[in-house]
Amino acid sequence: MIEITGHTGLTGLLGSPVSHSISPSMHNEAFHQLDLDYIYLCFDVNTKELPKAVEGLKMMKVRGFNLTMPNKNRMTELCDKLSPASEISGAVNTVVNDNGILTGYTTDGKGFMLALKDEGYTIIGKKMTLFGAGGVATAMLVQAALDGVSEISVFSIHDQFFERAEHIVEKLNKRTNCKVKLFDFDNDTILRKEISESAIIVNGTSVGMSPKTDNCILKDSSYFHKGQIVFDAIYNPKETKLLKLAKEQDCFLCNGMYMLLYQGAEAFKLWTGKEMPVELIKEKYFKQ
C-alpha cells in the first residue's frame, strides 16, 4: 500500500484517453519497491488543454510526467529544452522538471532498443526495415539511427506523416552515420529487396492491432527468410498476424510488451536517478 505524505512527489500521465494505461501500476509498484516517496496518476488532458495543464503542474513543482496521444507533438513547444531524439522526432513522451525548467525526452525509441537487448538481440551496425512514419515508428527510427544501426529503410503510405518523415530522414542523414531511406509502401519490388537485405523488420504501425487482428501489413510469409528478427510494436494481441507469418519462416519474434516496459523504465530513471526493478515489474505486469 502506498502511503501519501506531505512530502510525496507527483508524477503522472497526460493524454486522452488514459484510463486503460498500465503506467500507474508499473511506476507505483517501482516507487514502493525502492521506498521512494512518489506517486503516479493519470490525467485526461487533450491537446487544447495541455498548455494550462502543464503550467499548473509546473507551478505545483511536480517532478515530471509522461505524455501519450494526442499530446506528444504539442509538448515539444512547451518544453524549455529537448533531448536530441525529441528534437529530431518532434515528439516528447517524458518531461523532467528541474526547478521550473522543463526538459522533454522521448523514451519510446530507447524502450525499443532495450527490448531487443532484453531478448538477446543486437542490431548495431546492421540494416533495418521499418514500416510506418507515425509517432511510434519515428521514435524507433530516430533512436536506432542515433544508437548506431547502419542502414534503415522506411516504408510509409502517402498519408499525413509522409512529408514529416522526409524531413526527419534528412536530419538523420545529416546528423548520424546511419544511411536512412524513405520509400512508398506501394512499390512491392523495392519492399521485398529491402526486407531481404535486413537483419530486422519492424512494424511501427497499428495494422493488426486488436480488434482488427486479421489485418496485416504484408500479404504472406514469402517476404521473410529464416533467422531474421521481426519486431511488432503492437502488444495486443501478443502475436499479431505479422508475427504468425514470420514464424512460418523460422524468424525470431518480438512484440511490443517489453518496449512498453522499458520506455517506462527510462522515464523512471530520468525522474529518480534510479533503475526501475524491471525484472519484478516484468514478472508482475508483463508476463508473456
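This write-up is about the structure you can find in this document. It should be emphasised that the depicted structure is a prediction, and the values quoted were computed from it without experimental measurement.

1. Considerations on the pattern of salt bridges
Phase 1 of the analysis: Tallied over the full model, the rule gives 20 salt bridges.
Phase 2 of the analysis: Across the salt bridge formed by Glu 29 and Lys 284, the nearest N and O atoms sit 3.0 Å from each other. With Glu 29 in helix α1 (residues 23–33) and Lys 284 in helix α10 (residues 278–285), the pair connects residues that are 255 residues apart, well separated along the chain.
Phase 3 of the analysis: For Lys 171, the salt bridge goes to Glu 87, with nearest N and O atoms at 3.6 Å. Linking Lys 171 in helix α6 (residues 162–175) with Glu 87 in helix α3 (residues 84–89), this pair joins segments that are 84 residues apart in sequence.
Phase 4 of the analysis: A residue is classified by how much of its surface remains accessible, and Lys 171, at 29% relative accessible area, is partly exposed.
Phase 5 of the analysis: Relative accessible area serves as the criterion here: at 33%, Glu 87 is assigned to the partly exposed category.
Phase 6 of the analysis: Overlapping salt bridges, with partners in common, bring together Lys 127, Glu 151, Lys 181, Lys 193, Glu 194 and Glu 197 in one network.

2. Re the environment of Asn 215
Phase 1 of the analysis: You can see Asn 215 is positioned in the loop between β10 (200–203) and β11 (229–232).
Phase 2 of the analysis: You can call Asn 215 partly exposed: its relative accessible area is 38%.
Phase 3 of the analysis: Linking Asn 215 and Pro 70, residues 145 residues apart in sequence, is a C-alpha distance of 24 Å.
Phase 4 of the analysis: With residues near it in sequence (within four places) discarded, Asn 215 still touches Val 207, Gly 208 and Lys 241.

3. A word on the packing of aromatic side chains
Phase 1 of the analysis: Using the criterion set out here, one finds eight aromatic pairs in the structure.
Phase 2 of the analysis: Ring centres of Phe 112 and Phe 231 lie 4.9 Å apart, and the angle between their planes is 80°; this geometry places the pair in the edge-to-face category. With a gap of 119 residues between them, Phe 112 in helix α4 (residues 108–118) and Phe 231 in strand β11 connect regions that are remote in the sequence. The exposure classification of Phe 112 matches that of Phe 231, with both residues buried.
Phase 3 of the analysis: Plain terms: the ring middles of Phe 155 and Phe 185 are 6.2 Å apart, the flat faces sit at 80° to each other, and that makes the pair edge-to-face.

4. Section: the nonpolar core
Proteins that are soluble and globular tend to have nonpolar side chains buried together.
Phase 1 of the analysis: In terms of nonpolar packing, the biggest core is built from 51 residues, with Phe 112, Met 128, Ile 152 and Phe 231 touching the most fellow members.
Phase 2 of the analysis: Counting residues per element, this core draws most heavily on helix α9 (residues 257–272), which supplies 10 residues.
Phase 3 of the analysis: Setting aside its immediate chain neighbours within four residues, Met 128 contacts Phe 112, Ile 123, Met 140, Ala 144, Val 149, Glu 151, Ile 152, Ser 153, Ser 198, Ile 200 and Val 202.
Phase 4 of the analysis: The next biggest cluster of nonpolar side chains, apart from the first, holds 17 residues, and it includes Phe 183, Leu 191, Ile 195 and Tyr 223.

The rules behind the values
- Residues numbered from 1 in each chain as written.
- Predicted model: local features only at pLDDT ≥ 70, side-chain atom pairs only at ≥ 80, totals over all residues.
- Heavy atoms only, no water.
- Salt bridge = Lys/Arg side-chain N within 4 Å of Asp/Glu carboxyl O.
- Helix = DSSP H or I, 4+ residues; strand = E, 2+ residues; numbered from the N terminus.
- Buried < 20%, exposed > 50% of the residue type's maximum accessible area, 1.4 Å probe, protein only.
- Contact = heavy atoms within 4.5 Å.
- Phe/Tyr/Trp six-rings, centres within 6.5 Å; stacked < 30°, edge-to-face > 60°.
- Core = buried A, V, L, I, M, F, W, Y, C linked by side-chain atoms within 4.5 Å.

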